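Structure at a glance
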Amino acid sequence: MILVTGANGFVGHKIMKICEDTIAAPSLRNVRQEDVNRIIGESDADVIIHTAAISDIGVCQADPDASYYTNVQVPLFIAKASKGRKLICFSSDQVYSGCNDEGPYLEDMVKPGNIYAEHKFEMEQRVLEINPDAVMLRAEWMYDYYLKKSNYFMNILNAKERVSFSSGQFRGITYLKEVAENMEKVITLPGGIYNFGSETTKSMYDITQEFIALLGKKVKVEDIPAGHNLWMNCDKAKKYGVTFRTVMDGLIQCAEDYNLIERQNR
């Protein structure tokens, strides 16, 4: 049995939909250690997938205390209550946001560049100290056809005249369906930290130009100065069979799944 936190959120809802034998954890807002002990104990789950978080970087910058509680303290409660169970926590590619190298980044090349990233990195380290068998997934910017949360896919679909990306910026973006489909293999991973998502050798500008052309949209792609790369090397997870389509192939698959392009017209 798999207990999923944040089951009504962007990531959690897809895991609940695709993975078998899942149960939703109640809200973890304002929980204490004894509350988490009870939730996990009563679940009879042997796997916990923790997706609940405050992931908006601006919100975390504006309210560091709320970010710390949700993004660090709550996972620590779960880690302490998860002894004897497999724990999987979603972290973020933002832990590389302060890196000076161009990338792609390996798991030990960390330098957080914002409050959210600092808290995610602290969470990883402290959870693993409590539960060395836990798995930390440094997830990329995920997308899906999903109306409740802004994401790359919906931003491109809803674009009217122009979008702006840099030909000098590289970042993996990942189809949420593939994230959920990989959970069965993720559960078997040895404890540790893993870069997790689709890989690419193309810039965000090139990816967006190609994707807009496939969709047949008349939207201009403006080339802007490069921001920081969030570009990961995912070889560590691949060695254990956790694989994804390339960024471009993932976008194509998502568009085909929602009947937005015809396969024969590619």
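Source: prediction; values computed, not measured.

Here we come to the sheet that holds strand β9 (residues 192–196). Spatial strand order, β2-β1-β3-β4-β5-β9: 6 strands in an open sheet with parallel pairing. The open sheet has two edge strands with one neighbour each: β2 (22–24) and β9. Mean inter-strand twist for the sheet, computed between neighbouring axes without regard to direction, equals 25°. By the bridge criterion, 4 bridges tie strand β3 (residues 47–50) to strand β4 (residues 86–92) in an arrangement that is parallel. Bridge pairing links H50 to C89 in β4. Along the sheet face, helix α4 (residues 64–81) touches β1 (2–5), β3 and β4 and points at about 175° away from the line of β3.

We now examine the pairing of strand β5 (residues 135–139). Among the 5 residues that make up β5, 5 are buried, leaving the element largely enclosed by the rest of the structure. Side chains V135, L137 and A139 of β5 all project onto a buried face; the interleaved residues M136 and R138 project onto the opposite face, where all are buried too. Two elements, β4 and β5, share 5 bridges in a ladder whose sense is parallel. What sits directly across from C89, in β5, is M136. With respect to chirality, the unit in which β4 leads through helix α5 (residues 115–130) into the neighbouring parallel β5 is right-handed.

This part is about the environment of A53. The topology assignment puts A53 in the loop between β3 and α3 (57–62). Counting along the chain gives 115 residues from A53 to G168, while the straight-line C-alpha distance between them is 30 Å.

Turning to unusual backbone geometry, a few remarks are in order. A cis amide bond links G103 with the next residue in sequence, P104, at an omega value of 5°. For P104, the location among the structural elements is in the loop between β4 and α5. One non-glycine residue, D21, lies in the positive phi region at around 55°. Mapped onto the elements, D21 comes out in the loop between α1 (10–18) and β2. Since its relative accessible area comes to 54%, D21 is described here as exposed. Its identity is not glycine, yet N259 carries a phi of approximately 60°, on the positive side. With respect to the secondary-structure elements, N259 resides in the segment after α11 (247–257).

Parameters at a glance
Residues numbered from 1 in each chain as written. Predicted model: local features only at pLDDT ≥ 70, side-chain atom pairs only at ≥ 80, totals over all residues. Heavy atoms only, no water. Pairing = 2+ DSSP bridges. Helix = DSSP H or I, 4+ residues; strand = E, 2+ residues; numbered from the N terminus. Axes fitted to C-alpha atoms, helices over the stretch in contact; angles between N-to-C directions. Contact = heavy atoms within 4.5 Å. Buried < 20%, exposed > 50% of the residue type's maximum accessible area, 1.4 Å probe, protein only. Right-handed = clockwise from strand over helix to strand, strands pointing away.

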